[in-house]
Amino acid sequence: VQLQASGGGLVQAGGSLRLSCAASGRTFSSYAMGWFRQAPGKEREFVAAISWSGGSTYYADSVKGRFTISRDNAKNTVYLQMNSLKPEDTAVYYCAAGWRTWKQYNYWGQGTQVTVSS
């Protein structure tokens with residue numbers, strides 16, 4: 001599985017962005033998908049995940065209520081809608097694919113930069 005993340009950019013605090021992650025391969029619907037982020041000087045952290053069926057979603061406390069993860073298995077794409085963005089959301093965002101579980105990931109995308117100005 002190859003993953004290509006896109007949609008990052010520069011936005012003012014309070015604004016919105018939608019990240020996309022396009023996956024190659026026929027087995028996309030068998031993978032749980034996750035979003036992670038890494039800010040400068042910090043460790044990578046979990047942001048959100050969605051089960052392979054799309055029936056379950058999981059969020060870090062820091063983004064709950066502001067971010068929404070979704071997927072379109074017909075398009076082999078997972079999305080991260082980010083609203084009410086804060087400067088502390090600034091990071092490189094990565095998507096990842098985990099075979100049948102959101103707790104462990106087998107494949108990673110290249111990352112897309114999100115910068116939130118105050």
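Summarised in this report is the structure supplied together with it. Because the structure is a prediction, the values reported are computed rather than measured. (Residues numbered from 1 in each chain as written. Predicted model: local features only at pLDDT ≥ 70, side-chain atom pairs only at ≥ 80, totals over all residues. Heavy atoms only, no water.)

## Considerations on the packing of aromatic side chains
Under the counting rule described, the total for this entry stands at eight aromatic pairs. With a centroid separation of 5.2 Å and 75° between ring planes, the pair formed by Tyr-31 and Trp-99 is classed as edge-to-face. Residue Tyr-31 is found in strand β4 (residues 31-38), and its partner Trp-99 is found in strand β9 (residues 91-99); the two are separated by 68 residues along the sequence. Accessibility expressed as a relative area gives 8% for Tyr-31, which makes it buried. Take Trp-99: its relative accessible area is 45%, and that puts it in the partly exposed class. Residues Phe-46 and Trp-102 carry aromatic rings whose centres are separated by 5.7 Å and whose planes lie at 45° to one another, so their mutual orientation is tilted. With Phe-46 in strand β5 (residues 45-50) and Trp-102 in the loop between β9 and β10 (107-108), the pair connects residues that are 56 residues apart, well separated along the chain. Residue classification places Phe-46 among the partly exposed residues on the basis of a relative accessible area of 24%. Put simply, the rings of Phe-36, Phe-46, Tyr-58, Trp-102, Tyr-105 and Trp-108 touch in pairs and so form one group of aromatic residues. Seen from the ring of Phe-36, Arg-44 lies directly overhead, with NZ or CZ sitting 5.9 Å from the centre. (Phe/Tyr/Trp six-rings, centres within 6.5 Å; stacked < 30°, edge-to-face > 60°. Helix = DSSP H or I, 4+ residues; strand = E, 2+ residues; numbered from the N terminus. Buried < 20%, exposed > 50% of the residue type's maximum accessible area, 1.4 Å probe, protein only. Lys NZ or Arg CZ within 6 Å of the ring centre and 35° of its normal.)

## Details of the state of the cysteines
Across all of its chains, the model carries one disulfide by this definition. Disulfide pairing places Cys-21 opposite Cys-95 at an S-S distance of 2.1 Å. Judged by the sign of its S-S torsion, about 60°, the cystine formed by Cys-21 and Cys-95 is right-handed. One end of the pair, Cys-21, is in strand β3 (residues 17-23); the other, Cys-95, is in strand β9, and 74 residues separate them in sequence. By relative accessible area, Cys-21 is classed as buried at 0%. (Disulfide = S-S within 2.5 Å.)

## Quick word on the nonpolar core
In terms of nonpolar packing, the biggest core is built from 29 residues, with Met-33, Trp-35, Val-47, Phe-67, Leu-80, Met-82 and Tyr-93 touching the most fellow members. Where this core is concerned, the elements lending two or more residues are β1 (3-6), β3, β4, β5, β7 (67-72), β8 (77-82), β9 and β11 (112-117). Ignoring any residue separated from it by four or fewer positions in sequence, one finds Met-82 in contact with Gly-15, Ser-16, Leu-17, Leu-19, Arg-66, Phe-67, Tyr-93 and Val-114. (Core = buried A, V, L, I, M, F, W, Y, C linked by side-chain atoms within 4.5 Å. Contact = heavy atoms within 4.5 Å.)

## What about the sheet that holds β3?
Pairing within the open sheet is antiparallel, and its four strands lie in the order β1-β3-β8-β7. Each edge of the open sheet carries a strand with a single partner, namely β1 and β7. Each strand axis lies, on average, 15° off the axis of its neighbour in the sheet, ignoring direction. In this sheet, β8 lies alongside β7 in antiparallel orientation, the contact comprising six bridges. In the strand pairing of β8, Ser-70 is matched with Tyr-79. (Pairing = 2+ DSSP bridges. Axes fitted to C-alpha atoms, helices over the stretch in contact; angles between N-to-C directions.)

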